[in-house]
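Remarks on the overall topology
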Amino acid sequence: KAAAEEKAAEEKARKAAEKAARQAAAEAARKAAKAEKARKASETDGVDVNGKKIHRVGFHTVQGAEGTTRARGGGNGETTCAICGNNKSGQWHNNKDPAANPGVKICHSCYNRAKAGDGYVCPGCDSPAASNWSSAKGHLVCNDGQLVEKGVIICEKCTKKEPPFKDAQCVKCENKASTFWRKSKHQKNDNTGEYHYMCGKCYDAEPERVGDICACCDKVDTPKWKRSKIKKREGEPHAPAPLCDACYQKEHRALKKQD
């Protein structure tokens with residue numbers, strides 16, 4: 001019996017050593033990949049007006065000192081959009097329009113607007129302006145009742161409104177004309193194992209976890225569930241507690257007044 005216990009202890013120690021060796025190898029590989037990424041990012045192509053190095057990953061402009069995107073933090077003093085003159089973009093593209101200075105740098109917003117071209121009108125809502133354009137999937141019905149063909153460019157609003165598949169309806173309220181579609185957090189299709197689609201209204205009213213109640217008023221139903229900025233789930237110090245919309249607004253106002 002003593003020999004068997006000794007053998008089991010040796011086997012356990014051997015497995016622990018092998019596991020530690022694998023973890024050390026994985027950590028070394030991760031550090032090597034991180035060092036290689038930092039080395040590639042250290043290649044700079046100039047400095048901004050403040051004397052700070054500008055690092056670029058593709059056309060994504062990054063400030064070297066802080067390592068943060070220069071999209072909203074201020075102009076980099078170097079790249080300027082050739083269409084709108086903006087120098088605050090999180091991503092830069094080469095202009096592909098042959099009639100308007102092809103190859104020059106343009107911001108991400110102008111790049112998205114240029115997909116449709118000047119004077120283009122969305123076939124789904126007849127809107128001539130959009131912050132982003134995408135290709136239709138072939139399930140969107142426009143205002144005159146006609147189906148928008150697959151591949152036709154539509155605006156961002158119609159992209160959100162387009163059903164995920166033909167004759168789609170909300171699994172809860174059976175609504176077929178939602179302003180945007182989301183996958184359910186809990187309800188799955190028994191045959192495919194994929195989550196059902198819901199309309200935006202029902203998706204907001206679905207709790208993050210089954211059986212959630214408001215941490216303040218103990219409500220189980222609310223038009224929109226929110227996460228508390230103060231309270232945590234019981235036994236989970238890093239998980240925000242669920243709040244109904246009314247209690248979240250009260251908490252928000254209290255924090256704003258306190259600030």
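Each value, and the rule that gives it
Residues numbered from 1 in each chain as written. Predicted model: local features only at pLDDT ≥ 70, side-chain atom pairs only at ≥ 80, totals over all residues. Heavy atoms only, no water. Helix = DSSP H or I, 4+ residues; strand = E, 2+ residues; numbered from the N terminus. Areas by Shrake-Rupley, 256 points an atom, 1.4 Å probe, with all protein chains shown as cover. Expected span 1.5 Å × (residues − 1). Buried < 20%, exposed > 50% of the residue type's maximum accessible area, 1.4 Å probe, protein only. Arc of directions from axis to C-beta. Contact = heavy atoms within 4.5 Å. pLDDT = per-residue confidence, 0-100. Phe/Tyr/Trp six-rings, centres within 6.5 Å; stacked < 30°, edge-to-face > 60°. Pairing = 2+ DSSP bridges. Core = buried A, V, L, I, M, F, W, Y, C linked by side-chain atoms within 4.5 Å. Salt bridge = Lys/Arg side-chain N within 4 Å of Asp/Glu carboxyl O. Lys, Arg positive; Asp, Glu negative; His and termini not counted. Polar contact = N/O pair within 3.5 Å; in protein donor to acceptor, adjacent residues only side chain to side chain.

Quick notes on the overall build of the chain
Per the secondary structure count, the chain includes five helices and 11 strands. Carbon and sulfur atoms make up 51% of the accessible area of the chain, which totals about 17800 Å².

As for helix α5 (residues 245-258)
Three- or four-residue spacings in an α-helix give side chains the same orientation, since the helix completes a turn every 3.6 residues. Taking 1.5 Å as the rise per residue, α5 with 14 residues should run 20 Å; its terminal C-alpha atoms sit 20 Å apart, in good agreement. Within α5, burial applies to Cys247, Tyr248 and Glu251. When α5 is viewed along its axis, its buried side chains cluster within an angular range of 100° and face the same direction. Across from the buried face of α5, at angles greater than 90 degrees, the exposed residues are Lys250, Arg253, Lys256 and Lys257. For α5, the secondary structure elements touched by its buried residues are β10 (226-233) and β11 (236-243).

Structural notes on the confidence of the model for the chain
With 81% of its residues at a pLDDT of 70 or more, the chain has an overall mean of 78. Taken as a whole, residues 56-77 scores under 50 in pLDDT and shows 53 contacts with residues more than four places along the chain or in a different chain.

What about the packing of aromatic side chains?
This structure, assessed with the given rule, holds one aromatic pair. Taking the centre distance of 6.1 Å and the plane angle of 65° together, the rings of Phe165 and Tyr197 count as edge-to-face. Here Phe165 is found in the loop between α3 (156-161) and β8 (181-188), whereas its partner Tyr197 is found in strand β9 (residues 195-199), with 32 residues between them in sequence. The exposure class assigned to Phe165 is partly exposed, which follows from its relative accessible area of 40%. Note on Tyr197: relative accessible area 25%, which makes it partly exposed.

A word on the pairing of β10
With four bridges joining them, β10 and β11 adopt antiparallel strand pairing. When the bridges of β11 are listed, Lys232 appears paired with Pro240. The turn joining β10 and β11, which pair antiparallel and follow one another in sequence, is formed by two residues; a positive phi near 80° is taken by Gly235.

Observations regarding the nonpolar core
Counting 10 residues, the largest nonpolar core is built from Cys122, Ala130, Trp133, Ala136, Leu140, Cys142, Val148, Ile154, Cys155 and Cys158. Excluding residues within four positions of it along the chain, Ala136 makes contact with Val148, Glu149, Lys150, Gly151, Val152, Ile154 and Glu162. Core analysis: the second largest hydrophobic core is formed by six residues, Trp225, Cys244, Cys247 and Tyr248 among them.

Overview of the pattern of salt bridges
Any two side chains of opposite charge can pair if their charged atoms end up close together. Applying the stated criterion across every chain, the model contains seven salt bridges. Notably, a salt bridge pairs Arg14 with Glu18, separated by 2.6 Å at the nearest N-O pair. Of this pair, Arg14 and Glu18 both sit in helix α1 (residues 2-41), four residues apart, which is roughly one turn of the helix. For Arg14, a relative accessible area of 39% translates into the label partly exposed. Of the residues examined, Glu18 reaches a relative accessible area of 36% and is grouped as partly exposed. Across the pair Asp212 and Arg233 runs a salt bridge, and its minimum N-O distance is 3.0 Å. With Asp212 in the loop between α4 (200-205) and β10 and Arg233 in strand β10, the pair connects residues that are 21 residues apart, well separated along the chain. Residue class for Asp212 comes out buried when judged on its relative accessible area of 10%. One continuous salt-bridge network, built from bridges that share partners, spans Glu208, Asp212, Arg227 and Arg233.

Brief notes about the side chain of Glu206
Looking at the element boundaries, Glu206 is found in the loop between α4 and β10. Comment: no salt bridge for buried Glu206; closest opposite-charge side chain is Lys185, at 4.3 Å. Within polar-contact distance, the side chain of Glu206 engages the backbone nitrogen of Lys185 at 3.0 Å. With residues near it in sequence (within four places) discarded, Glu206 still touches Ser184, Lys185, His186, Gln187, Met198 and Trp225.

A look at the side chain of Ser228
Among the secondary structure elements, Ser228 is positioned in strand β10. Taking relative accessible area as the criterion, Ser228 reaches 4% and is therefore assigned buried. At a separation of 3.1 Å, a polar atom in the side chain of Ser228 contacts the main-chain amide nitrogen of Ile230. Those residues in contact with Ser228, other than ones at most four positions away along the chain, are Pro240, Ala241, Leu243 and Glu251.

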